[in-house]
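Residues per chain, in single letters:
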Amino acid sequence: MTAIRSCAIRAIFPACARRAKPDEAHAILDRVRKAGIAHPPTVYRALNDLMQKGMVHRLQSRSAFIACDHGACDGKAAFAICRACDRVVEISPQIGIKRCCAIWRLTKSRQSR
């Protein structure tokens, strides 16, 4: 790993971890520019490395990235995304499908009011 990529990882992970909402790569780039990271490929490579380590997840539906809620994981997680505020909650396999279904029912009941 190059020194530049290592520096990018050290800047990008905290930038993701401080947010409860997912961010697109360009928004992350804007937040880490003061750390000397100025090129999108550097951000994408660092995000890819963080994803491989299980420290960051990519939300395909949003083309956005968010830090793992419970430390490094194996990438097996589901996400609940609030339609009103875009906050994301990571649902790990340990919680189980019953909890996911309970969250979904609660969301549906609030929407129908």
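Residues numbered from 1 in each chain as written. Predicted model: local features only at pLDDT ≥ 70, side-chain atom pairs only at ≥ 80, totals over all residues. Heavy atoms only, no water.

**Section: the overall build of the protein**
Here's step 1: Of the regular secondary structure elements, the protein holds four helices and four strands.
Here's step 2: When the helices and strands of the protein are placed in sequence order, the string is α-α-α-β-β-β-β-α.
Here's step 3: Looking at the protein as a whole, 29% of its 113 residues are labelled buried.
Here's step 4: Sequence separation of at least 24 residues holds for 39% of the intrachain contacts in the protein that already meet a minimum separation of 6.
Here's step 5: In the structure as shown, the protein presents an accessible area of about 7,500 Å², 54% of it carried by carbon and sulfur atoms. (Helix = DSSP H or I, 4+ residues; strand = E, 2+ residues; numbered from the N terminus. Buried < 20%, exposed > 50% of the residue type's maximum accessible area, 1.4 Å probe, protein only. Contact = heavy atoms within 4.5 Å. Areas by Shrake-Rupley, 256 points an atom, 1.4 Å probe, with all protein chains shown as cover.)

**Notes on helix 3 (residues 40-52)**
Here's step 1: With 13 residues, helix 3 ought to run about 18 Å at 1.5 Å a step, and its terminal C-alpha atoms sit 18 Å apart, in line with that.
Here's step 2: When helix 3 is considered as a whole, its buried residues turn out to be Thr 42, Val 43, Ala 46, Leu 47, Asp 49 and Leu 50. Viewed end-on, helix 3 has its buried residues packed into an arc of 160°, placing them on one side of the element.
Here's step 3: After helix 3 finishes, the residue Gly 54 shows a positive phi value of roughly 80°. (Expected span 1.5 Å × (residues − 1). Arc of directions from axis to C-beta.)

**Re the nonpolar core**
Here's step 1: Counting residues in hydrophobic clusters, the biggest one holds 18 residues, and the most contacted among them are Ile 12, Ile 28, Ile 37, Val 43 and Leu 47.
Here's step 2: Among the elements of the structure, helix 1 (3-17), helix 2 (25-32), helix 3 and strand 2 (64-67) are those that each provide at least two residues to this core.
Here's step 3: The biggest single contributor to this core is helix 1, with six residues.
Here's step 4: With residues near it in sequence (within four places) discarded, Ile 12 still touches Ile 28, Val 32, Val 43, Ala 46, Leu 47 and Leu 50. (Core = buried A, V, L, I, M, F, W, Y, C linked by side-chain atoms within 4.5 Å.)

**Remarks on the pattern of salt bridges**
Here's step 1: All chains considered together, the criterion is met by three salt bridges.
Here's step 2: Where Asp 23 meets Arg 19, a salt bridge forms, and the shortest distance between an N and an O atom there is 3.0 Å.
Here's step 3: For Asp 23, a relative accessible area of 8% puts it in the buried group.
Here's step 4: Residue Asp 23 pairs with Arg 31 through a salt bridge whose shortest N-O separation is 2.5 Å.
Here's step 5: Through salt bridges with shared partners, one network takes in Arg 19, Asp 23 and Arg 31. (Salt bridge = Lys/Arg side-chain N within 4 Å of Asp/Glu carboxyl O.)

**Quick look at the environment of Arg 10**
Here's step 1: You can see Arg 10 is positioned in helix 1.
Here's step 2: Considered as a pair, Arg 10 and Ala 46 are 36 residues apart in the sequence and their alpha carbons are 9.0 Å apart.

**What to know about helix 2**
Here's step 1: Of all the residues in helix 2, the buried ones are Ala 25, Ile 28, Leu 29 and Val 32. Summarising the axial view, the buried residues of helix 2 lie within an arc of 105°, below the 170-degree limit, and thus occupy one face.

Don't take any of this as a statement about function, it's just geometry.
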